[in-house]
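A structural walkthrough
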Amino acid sequence: MECYTCARTAETDGSAPRDLIGSDEHWRAAHAFGTALPGWLVLVPRRHVTAVAELTDDEAAGLGRWQVRLSRALAEVTGCAKTYVAQFAEAEGFAHVHFHIVPRGVDQPESLRGPRVFALLGVDEESAVAPEAMDAIALRLRAALDTS
């Protein structure tokens, strides 16, 4: 099966704000699709990598910076209490390493905290954050990243 992440990365320049919140030569941040949680981000390496151990030293150094910068931007924009960071890359077509940067809201119910937050991913289209809402939060996150 084709790598979804590689295909999307090739298409992102000049695309919707949700697909390119921030980037550098090694990483691209985008709003996750199929989630009911506004601000759920994915951070993906620009080259095809299927295991964290395959990251170069430069990619690894950038990874930490991006995780912290995106977490700070999410706190500023969403008011979240903290962010969760997770990496699995096991789904069919999604073996490309990608890190979920997930805002955990102040009032988020216990039933959706920790790994249970993944109940908000893979939702149907009606429950998912609308593309327009993803673009709006993406633009606010871009602005927050520009000031960090």
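Note that the structure is predicted; figures quoted are calculated from it, not measured.

Taken as a whole and judged by the stated rule, the model has four salt bridges. Where arginine 113 meets glutamate 110, a salt bridge forms, and the shortest distance between an N and an O atom there is 3.5 Å. One salt bridge connects glutamate 110 with arginine 116, and the closest N-O pair in it is separated by 3.9 Å. A residue is classified by how much of its surface remains accessible, and arginine 116, at 43% relative accessible area, is partly exposed. Ionic contacts of the salt-bridge type, sharing partners, join the residues Glu110, Arg113 and Arg116 into one network.

It is worth spelling out helix H2 (residues 57-78) at this point. End to end, H2 covers 31 Å across 22 residues, agreeing with the expected 32 Å (1.5 Å per residue, within 8%). Taken as a whole, H2 has its buried residues at Glu59, Gly62, Leu63, Trp66, Gln67, Leu70, Ser71, Ala73, Leu74 and Val77. Lining the buried residues of H2 we find strand E1 (22-23), strand E2 (27-31), strand E3 (41-45), strand E4 (82-87), strand E5 (99-104) and helix H3 (131-146). With its phi angle positive at about 75 degrees, glycine 79 sits one or two positions after the end of H2.

What follows is about the confidence of the model for the protein. Confidence in the prediction of the protein, expressed as mean pLDDT, is 91, and 90% of residues score 70 or more. Predicted confidence in the protein is weakest over helix H1 (residues 4-11), with a mean pLDDT of 63, and strongest over E5, with 98.

Read from one edge to the other, the open sheet built from five strands follows the order E1-E2-E3-E5-E4, with strand pairing classed as antiparallel. Edge strands, defined here as strands with exactly one partner in the open sheet, are E1 and E4. Against the sheet, H2 touches E1, E2, E3, E4 and E5, its axis set at about 25 degrees to E5.

Below, the discussion takes up the nonpolar core. One finds Ile21, Trp27, Leu41, Leu43, Leu70, Phe99 and Leu141 to be the most contacted residues of the largest nonpolar core, which totals 22 residues. Of all the secondary structure elements, the ones that give two or more residues to this core are E2, E3, H2, E5 and H3. Considering every element that reaches this core, the biggest residue donor is H2, with six residues. Excluding anything up to four places from it in sequence, isoleucine 21 contacts Ala29, Ala30, His31, Leu41, Ala138, Leu141, Arg142 and Leu145. Membership of the second largest hydrophobic core comes to 10 residues, among which are Ala32, Val42, Tyr84 and Leu112.

Rules and cut-offs
Residues numbered from 1 in each chain as written. Predicted model: local features only at pLDDT ≥ 70, side-chain atom pairs only at ≥ 80, totals over all residues. Heavy atoms only, no water. Salt bridge = Lys/Arg side-chain N within 4 Å of Asp/Glu carboxyl O. Buried < 20%, exposed > 50% of the residue type's maximum accessible area, 1.4 Å probe, protein only. Helix = DSSP H or I, 4+ residues; strand = E, 2+ residues; numbered from the N terminus. Expected span 1.5 Å × (residues − 1). Contact = heavy atoms within 4.5 Å. pLDDT = per-residue confidence, 0-100. Pairing = 2+ DSSP bridges. Axes fitted to C-alpha atoms, helices over the stretch in contact; angles between N-to-C directions. Core = buried A, V, L, I, M, F, W, Y, C linked by side-chain atoms within 4.5 Å.

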